[in-house]
Amino acid sequence: MTIYRPHTRTAPIPRLAHPLCLGGLCLLLGAVAAEPGDARRDGLSLDRIFAGEFNAAGYDARWAPEGAGYLRFEDAKSGHGRDLVRYDAATGRREVLVQGQWFIPPGRESPLGIEHYDLSPDGSRLLIYTNSRRVWRQNTRGDYWLLDVSSHELRKLGGDAPESSMMFAAFSPDGTRVAFVREHNLCVQNLGDMTIVQLTTDGDEHHINGTFDWVYEEELDLRKGFEWSPDSRWLAFWQIDTTHVREFVLVNNTDGLYPEITRFPYPKTGETNPSARAGVVSAGGGKTEWIDLPGDPREHYLARMSWVEKPQDLVIQQLDRRQHTNQVWIASPGAESPHRFFAETDEAWVDVRDDAVWFDDDRKLLWLSERDGWRHAYSIARENGKAHRLTRGNYDVIDVLGLDEAKGLFYFTASPKNATEQYLFRAPLKGGKARRVTPKDQPGTHSYSLSPDRQWAIHTWSRFDVPPLVELINLPDHKRKTLFEDNEKLMKQLADLPPVQTEFFQVPTGEGAVLDGWRIMPPDFDAAKRYPVLFHVYGEPAGQTVLNRWGGRNAMWHRFLAEQGYVVMSIDNRGTPAPKGREWRKSIYGQVGILASADQAAALEAIRERWPWVDSARIGIWGWSGGGSMTLNALLRYPDRYQMGMAVAPVPNMRLYDTIYQERYMGLPGENPEGYLKGSPLTFAGQLKGDLLLVHGTGDDNVHYQGVEALINELVAYDKPFSMMAYPNRTHSIREGPGTSRHLFELLTRYLTEHLPAGPGDSLAGEVKGPHAP
């Protein structure tokens, strides 16, 4: 997800030209282009894309717990698996910490397949995660092993735990114990005598200790549901109660003679929520002390929980159901009840984040807030909750990456001048002017993983047409120490493809908003002819599509379509999470499907007026998930502007989606019935005129197949023709089973070419080109 340019490269990264503004429509021109007369081999194909020929290489490394060393697995010279190696960032010195043969359990011939690992705080033990199983989105249930780095002894943890039944094992801060979740209960294992203490005993399918139910995991991004205290004596944990939450049912018709039924609690908008409470229990076992937070636990969410060390307190973030207020509580040992530290409020919604950091001996909290209209960093005093703003200006802080207290500064990402990009900045912890750290001659998207001492970073840089470059840099001067990966081979492969031109542009909506967009032009584009346009859309608060970064397989598919004769475009409407200020992001509140589709349609009108080569009779749109919903909204709400749409895994009726996500952006159904009605594409099914392809996985636990079935009923009632593809038992990603992803994109490609013919059409002879040319 990044774009890079190394200092030396056989195939140089093409430069971006200066912005070109044409009557309010600004282009940033770039190209993967050939020199005149260059010989070219065959263009893209689905076979080449899905064979992985154009997959970008990365560099898999992580920082050691202390100091400035990074860890990675490398093929063992002995031929026995892979060694775990530590590199010193300053000197490049290589040290083998764990030999590959040490990962072979007693009685076996092959090493463990390591999916994740953690070093103990003192580096003497390695906690290994393997043999995992999928739990909703991620593989979070598996086996854990412990390797003694000195003696090479390898032992399986969990006692008599069934295979692949342990979750989220984590070292205590002193490295003497490991906590984990098994069958909805929280346990601790002593690493000396290997005894196990079960800390909770009431866990069952509706009472979940130390992890989460479906909706907390999906919409609050919570999975590991416990935290060790800094002194290793206590564990704080969530308990989720899903009793009274209505269940949803998934039916698997294909894996046996009779259907297999999966039931799970899923709170749809306006329905009963799970309740959550926070408890603290001794790591040695005993009674759980429950934190007495105010409010109905089914009408609030416990969004985050963590310890602060000096003095040792528990910090809890509590959202109201409407998510207008985030109350931050501090629970102190021995206190009868927690006290409110401070609160973050917003008339739309408050964002829950993971980049808050304590500093100044835990007397201050670095916190991001939109309270002045832009997302800025604040220092919150622990003693009284008062906020002091650290960054200023009409720009957003995207993420806080880390603090360097020795130098009195913190690092963050931002992009004040271009919302499609991302750069590294630093600012004083006392407040003051922020300074850009990323070199100014490196346009694109930059991400950084900072070392624990904040003196080094693993830097990843990419652009829309340029795959990632990964390097080790020192801070704060951003000088390269080591080039890890430059994707030179892939750059050469891209240079051998037929040349396409990619451009970023801005388009006004007519309501004062300016929307960012990109377009990919066909090879040998002729502005004197008309071309079909396919829009790729997402359009909801969960993501952007218009980003100047490497887009991977989907981007290569879009380029493949451009080679076939399509102009492929994407527009970010208001309400997407672009760093353009609070008003931009939260203008969509209560009208998700309404404002977003209106912006998309307005952008289309401005584009057609500006570029006469756009064939108004061949306009298509496609998207996935929220983008599938936005595809339906475009096709059904603006049937005279779009001729074809492909909606993958859409939400046709917002009432059918979950509480935490949909109510965050739309309010409660009882308080905004008109918004839910008019924002749902199902309402406008009778207006369908164009060609529609619906695609869904019948095993989608997230966006249920139920919604597409409801839309089908409406389309049938209005006698509207459409096409439909259901993938049995596939989830929201529609990738399970051999050949599924390849089949899906072949389906999309075929439907597109059949219903929106490719290539240039009629000539624009006699029409004025001038500034309208690309």
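Above this text you will find the structure in question.
Values in this document were obtained by computation on a predicted structure and should not be read as measured data.

What counts as what
- Residues numbered from 1 in each chain as written.
- Predicted model: local features only at pLDDT ≥ 70, side-chain atom pairs only at ≥ 80, totals over all residues.
- Heavy atoms only, no water.
- Salt bridge = Lys/Arg side-chain N within 4 Å of Asp/Glu carboxyl O.
- Buried < 20%, exposed > 50% of the residue type's maximum accessible area, 1.4 Å probe, protein only.
- Pairing = 2+ DSSP bridges.
- Helix = DSSP H or I, 4+ residues; strand = E, 2+ residues; numbered from the N terminus.
- Axes fitted to C-alpha atoms, helices over the stretch in contact; angles between N-to-C directions.

J.: I tried to follow the pattern of salt bridges on my own but got confused; where do I start?
T.: When their charged atoms lie close together, side chains carrying opposite charge are able to pair. If you walk through the whole model with that rule in mind, you get 51 salt bridges. For Arg48, the salt bridge goes to Glu53, with nearest N and O atoms at 2.5 Å. For Arg48, a relative accessible area of 15% gives the class buried. For Glu53, a relative accessible area of 27% translates into the label partly exposed. Across the pair Asp355 and Arg353 runs a salt bridge, and its minimum N-O distance is 2.8 Å. Taking the relative accessible area as the measure of exposure, Asp355 reaches 11% and is therefore buried. Overlapping salt bridges bring together Asp346, Asp351, Glu370, Arg375, Asp396, Arg582, Arg585 and Lys586 as one network.

J.: I'm lost on the sheet that holds strand E34 (residues 445–450) in this one. Help?
T.: Neighbouring strands of a sheet are bound in pairs by backbone hydrogen bonds; such pairs are parallel or else antiparallel. Taken in spatial order, the 4 strands line up as E34-E35-E36-E37 in an open sheet, and their pairing is antiparallel. The open sheet terminates on both sides in strands that have one partner only, identified here as E34 and strand E37 (479–485). Here the average twist between neighbouring strands, direction ignored, is 25 degrees.

J.: Sorry, what's going on with the sheet that holds strand E4 (residues 69–75) here?
T.: Strand order in the open sheet formed by 4 strands is E3-E4-E5-E6, and the pairing between neighbours is antiparallel. The sheet terminates laterally at strand E3 (62–63) and strand E6 (94–98), the two strands that pair on one side only. Pairing of E4 with strand E5 (residues 82–88), which is carried by 7 bridges, proceeds in the antiparallel orientation. Within E5, the position partnered with Arg72 by the bridge is Val85.

J.: Any chance you could explain the pairing of E34 here in plain terms?
T.: On a regular strand, one side chain projects to one face of the sheet and the next to the other, so that they alternate. Sheet topology note: the E34/strand E35 (residues 456–463) ladder contains 6 bridges and is antiparallel. Following the sheet pairing, Ser447 is matched in E35 by Thr460. The turn joining E34 and E35, which pair antiparallel and follow one another in sequence, is formed by 5 residues; a positive phi near 60 degrees is taken by Arg454.

Nothing here speaks to function; it is all geometry.
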